[in-house]
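Topology and contacts: notes
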Protein chains: 2
Amino acid sequence: MQAKNMRGKQSFVLPGKPVITHWASVAGKKESQGPLGKCFDYTSQDTYFAQKTWEQAEKRMQQLALDILSKKADISKEAFPPVYSGDLLNQCIGSSFSLNKTGIPHLGLYGACSTMAESLLLAGMTVEGGFFPQAIAMTSSHFAGSERQYRFPLGYGGQRTPTAQWTVTGAGAALVSSYGNGPRLESCTVGTVTELGIKDANNMGAAMAPAAYATIRAHFEDLGTSLDDYDKIITGDLGQLGKELLISLGKQDGLDLDEKIADCGTLVYQLDTQDVHAGGSGCGCSAITLCGYFLNQLKTKALKRVLFCGTGALLSPTSTQQGLPIPGTCHAVAMIGEE
Amino acid sequence: MQAKNMRGKQSFVLPGKPVITHWASVAGKKESQGPLGKCFDYTSQDTYFAQKTWEQAEKRMQQLALDILSKKADISKEAFPPVYSGDLLNQCIGSSFSLNKTGIPHLGLYGACSTMAESLLLAGMTVEGGFFPQAIAMTSSHFAGSERQYRFPLGYGGQRTPTAQWTVTGAGAALVSSYGNGPRLESCTVGTVTELGIKDANNMGAAMAPAAYATIRAHFEDLGTSLDDYDKIITGDLGQLGKELLISLGKQDGLDLDEKIADCGTLVYQLDTQDVHAGGSGCGCSAITLCGYFLNQLKTKALKRVLFCGTGALLSPTSTQQGLPIPGTCHAVAMIGEE
C-alpha cells in the first residue's frame, strides 16, 4: 500500500479516469428565468415543490434529481450506488431526508457551497479505489430556506446589500462510474480552510475568494500544470465581487485569471436584470451550473479540460452572531471531455 | 478499474489493512469523572476550554486532539495529512474553525454522531486507494452547545426526560496510515438512512437503533461474517434504551446481540450515579470511547476483532420544530488488533 496517486501536498490523480456517465439538474423559478433556464432537466414555478416547507422542498429537489439521474442511467433500486451528499441546511436535512427509507447507502458531507466538488472528489476516490463500481455526487440549496437560516426570514422584507448573493434554488446530481462514456475526472485537490477577516454574511464571495485562490495555486503546483492546460477555471459561487477579488489575487502573483475564470454565480442569473446583486450562491449554484451546463459542454467537446473549483463559506448563523469571521474553503476537480 | 474491493451491496474490504498508528482524546469535566476518566489524553475542568463560547470550546477541543495526535505521531506541519472531520454544531463550525488558517487539507463531513465511523471509513479508503499515505479521522461534541442548539438553552433549567441522553463533551482523532503498527481497518459498511417514526429529540437512542441494526445485518450479509467473528460490536451512542431496542430487534431475527454489544453511550458515564439518564450521546461519545479506550484494547490484544458502528440521528432543530421524525444512520468499520 503506497500513496501512488498522491501529488504534492494536497492533490492526487485518478489514473483510471472515472467517467461521469450521467447527470441531472433540478431548478426553481428564478433559475428557470436565467440564461441557463433551458439547460435544466426539471424546473418548477412552485418554490415549495409541492411540499409544506422550504426545507422539505429542498429534500424534494434532491429526490427529483436522484430520480431523473437513476432513470437516465438505468440504475436499479437493488444496486443503488452510494450517494455522497450535503447541503446548507442546519444538520444537512435536505440530504438526509431525501434518502430516508430508500435503502440507498449514504455518506453525508458538509462543505457548504463546495459540496458539489467535495462529493465529486470522494466519488472519484471511491470508484478509482475499487470500493464501489459507481458513486453519486449530489447537493442542493434553496433560496428561502437559506435566507431565513443565515440572514432574515423573507417575511421581514429586509433590504439586501449590494454585495449580497442570491442563493440558488436547485439540486444537481452526477453519477461517477468505472465504465461507460462521458466526461472524465483526472485529478483532485483537497482544499484548506482560510479567511482574510471578512465577517459580513452578505459578502460571501469575498470570504471565499482567498480559499479559491489558494486551491487553484496548490493544484497547479502539486500537479505541475498551469492556466494553459485548462479551457476554463470554473468557480462555484464567488459572484461578481468574489470573482474580481480572485482575479486581483492572481494579478499580484502574475497569474492572469481574467480570461479563464467562469464563475457559476455570475452565469446562472442575468446579473443586470434579475435583481440578484452580486450573483448566485449556495450549493445548488455550482451543482446546477455543472450538471445543467458545463458537463454538456465537456460531453460535446466544446470544452476539453476544465478545473471545477467548488467554493464554500464555512459560516453558521451562530458564528455570525458571535462576530466571528467567515472561513472559506475550495476543493478542485480537474475534468476532461469525453475521450 | 474494477470494483475489486466491493462486497455485497453496502460494504467493501481494505486488503492493505490500513493501520491506526496513533490516536488522541480530549474530554470535559463530567467525562473525566466517569469510568473512563483516566483513559483520556487530556481533560479539562473548564467547560469553556478557556474560550468565550461553547462553540469555540468545541473548536478548541478539536485543536487539542489534533495537536496531541500530531505530537504522538510526529507529523510535520509541512506534510499534514488530510483531515476528515465533522460535528453536531450547525454547519459544523467546530470542525471548520479548528482548521482555519492551519493550511491542513480538510474534507468536511456531516454524519451526526456517526462521524467517527464515517471519517474512519473515508480515511481508510483514502489510504487504501493510495490517494494519500495517511489521513486523519476526527470529531467532537459539546454538551452545552448541543443542548442549546437542539433542545433548550441550559439557563432555562429544563427538566430532562428519562429517555434523554447526555451529549459528551469531548473530541477524538485517529491517524490512519499505510505504514506503521497498531490496530488495522479490515472492512467497512456504508449505512443507509432509516427511521421508525420516532419524533422525540429526547429519545435518540430509539431513533438510531433501527439504523444500527440494518447496518450490522448488512455487514454480516455483505461480508459473510457473523457475530462469532467479533469480540465486540461497539455501537456509538444508543444509550441504555437504544441498546435494549437493538438487542430486541436482533432477537426477532434470532440474533443474540446481548453479550456482544458494547455501547459507548453506556460506557462513558456511570449511569447510576452521574445523572445522565439513558447514557451518553454526541459525536464525541464514540470518538473519545474509541480513541480513549477501545483502540488501546485492540493495541494490547485484549480485543482481537471488533465492529465499530457509529450511530447518527440526522435530525435538526428545524426538522424537530416542523414535527418530522428523526432519520437515523449507522456506518460500520471492522478493526483488528495489532498484528
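1. Observations concerning the interface of chain B and chain A
Contacts between chain B and chain A engage 73 residues on the former and 73 residues on the latter. For the pair chain B and chain A, the summed buried area comes to about 5,700 Å², and 64% of that belongs to carbon and sulfur atoms. When the buried surface of chain B facing chain A is broken down by residue, Met 1, Gln 91 and Phe 131 of chain B rank first, second and third, together holding 16% of it. Across the pair Glu 195 of chain B and Lys 101 of chain A runs a salt bridge whose closest N-O atoms are separated by 3.8 Å. For the interface between chain B and chain A, the tally reads 24 residue pairs in polar contact (both at pLDDT 80 or more). Elements with a minimum of two residues in the side of chain B that touches chain A: β2 (11-13), α2 (54-73), α3 (93-99), β6 (106-108), α4 (115-128), α5 (143-150) and α10 (317-321) of chain B. Sort the elements by how many residues they give to the side of chain B that touches chain A and α4 of chain B lands first, with seven residues.

2. Focus: unusual backbone geometry
Residue and element names in this part refer to chain B. Backbone geometry places Lys 101, a non-glycine residue, at a positive phi of 65°. Mapped onto the elements, Lys 101 comes out in the loop between α3 and β6. Phi angles above zero are rare outside glycine, and His 277 is one such case at about 60°.

3. Regarding the relation of the copies chain B and chain A
Taken as rigid bodies, chain B and chain A are interconverted by a rotation of 180° and an axial shift of 0.0 Å, the fit giving an RMSD of 0.0 Å. Viewed as a symmetry operation, the transformation between the two copies matches a two-fold axis. Taking C-alpha positions as reference, the residue of chain B nearest the rotation axis is Leu 109 of chain B, located at 2.0 Å. Residue by residue, 100% of the interface of chain B is reproduced at the interface of chain A, so both copies engage with the same surface.

4. Thoughts on the layout of surface pockets
Here the largest pocket defines a volume of roughly 590 Å³. Around the largest pocket sit 25 residues that line it, and Lys 77, Thr 102, Gly 103 and Ile 104 of chain A together with Thr 192 of chain B are the ones nearest its centre. Listing elements by their share of the lining of the largest pocket, those giving two or more residues are α2 (54-73) and α3 (93-99) of chain A together with α6 (204-223) of chain B. Here the second largest pocket defines a volume of roughly 460 Å³. Taken together, 19 residues line the second largest pocket, and the ones lying closest to its centre are Asn 90, Arg 148, Gln 149 and Pro 317 of chain A together with Asn 90 of chain B.

5. Examining the side chain of Thr 115 of chain B
All names here are of chain B. With respect to the helices and strands, the residue Thr 115 is situated in helix α4. Residue Thr 115 is classed as buried on the basis of its relative accessible area of 0%. In this structure, Thr 115 is in contact with Gly 86, Leu 109, Met 138, Thr 139 and Cys 283, ignoring residues within four places of it in sequence.

6. Here we look at the packing of α4 of chain B against helix α9 (residues 283-299) of chain B
Residues and elements named next belong to chain B. Interhelical geometry of α4 versus α9 gives an angle of 60° and a closest axis separation of 8 Å. Of the possible angle classes, the one that applies to α4 and α9 is oblique. Side by side, α4 and α9 meet where Thr 115, Met 116 and Leu 120 of the first sit next to Cys 283, Ser 286, Ala 287, Leu 290 and Cys 291 of the second. Grouping the amino acids of the contact of α4 with α9 by side-chain chemistry returns six nonpolar, two polar and no charged.

7. Details of the pattern of salt bridges
Counted according to the given criterion, the structure contains 20 salt bridges over all chains. With a closest N to O distance of 2.5 Å, Asp 253 of chain A and Arg 217 of chain A form a salt bridge. Taken together, the residues Asp 253 of chain A in the loop between α7 (239-252) and β12 (261-263) and Arg 217 of chain A in helix α6 (residues 204-223) connect sequence positions 36 residues apart. Look at Arg 217 of chain A and you get partly exposed, because its relative accessible area is 31%. Measuring nitrogen to oxygen at the nearest pair gives 2.9 Å for the salt bridge that ties Arg 305 of chain B to Glu 186 of chain B. Of the two residues, Arg 305 of chain B sits in strand β14 (residues 305-313) while Glu 186 of chain B sits in strand β10 (residues 184-189), which places them 119 residues apart along the sequence. Judged by relative accessible area, which is 27%, Arg 305 of chain B ranks as partly exposed. A relative accessible area of 16% means that Glu 186 of chain B is categorised as buried. Through salt bridges with shared partners, a single ionic network connects Glu 147, Arg 151 and Arg 160 of chain A.

8. What to know about the pairing of strand β7 (residues 134-141) of chain B
All names here are of chain B. Within β7, eight of the eight residues are buried, which leaves the element mostly enclosed by the surrounding structure. What you see with β7 is no split at all: Gln 134, Ile 136, Met 138 and Ser 140 on one side and Ala 135, Ala 137, Thr 139 and Ser 141 on the other are buried throughout. One ladder, built from five bridges, connects strand β5 (residues 83-87) with β7; its direction is parallel. Its bridge partner being in β7, Gly 86 is matched across the sheet by Thr 139.

9. Thoughts on the side chain of Thr 189 of chain B
Residue and element names in this part refer to chain B. Topologically, Thr 189 is positioned in strand β10. Among the polar contacts made by the side chain of Thr 189, one reaches the side chain of Ser 11 at a distance of 2.8 Å. There is a polar contact of 2.7 Å between the side chain of Thr 189 and the side chain of His 219. Apart from the residues within four sequence positions on either side, Thr 189 is in contact with Gln 10, Ser 11, Leu 121, Thr 215, Ala 218, His 219, Leu 223, His 331 and Ala 332.

Reading the values: the criteria
Residues numbered from 1 in each chain as written. Chains lettered and ligands numbered in written order. Predicted model: local features only at pLDDT ≥ 70, side-chain atom pairs only at ≥ 80, totals over all residues. Heavy atoms only, no water. Contact = heavy atoms within 4.5 Å. Buried area = accessible area lost by both parts, 1.4 Å probe. Salt bridge = Lys/Arg side-chain N within 4 Å of Asp/Glu carboxyl O. Polar contact = N/O pair within 3.5 Å; in protein donor to acceptor, adjacent residues only side chain to side chain. Helix = DSSP H or I, 4+ residues; strand = E, 2+ residues; numbered from the N terminus. Least-squares fit on C-alpha atoms with pLDDT ≥ 70 in both. 1 Å grid on protein atoms, 1.4 Å probe; cavity = no way out; pocket = protein on both sides within 12 Å on 5 of 7 lines; lining within 4 Å. Points joined across faces, edges and corners; volume = space filled by probe spheres on them. Buried < 20%, exposed > 50% of the residue type's maximum accessible area, 1.4 Å probe, protein only. Axes fitted to C-alpha atoms, helices over the stretch in contact; angles between N-to-C directions. Parallel < 35°, antiparallel > 145°, perpendicular 65-115°, else oblique. Nonpolar A, V, L, I, M, F, W, Y, C, P; charged D, E, K, R; others polar. Pairing = 2+ DSSP bridges.

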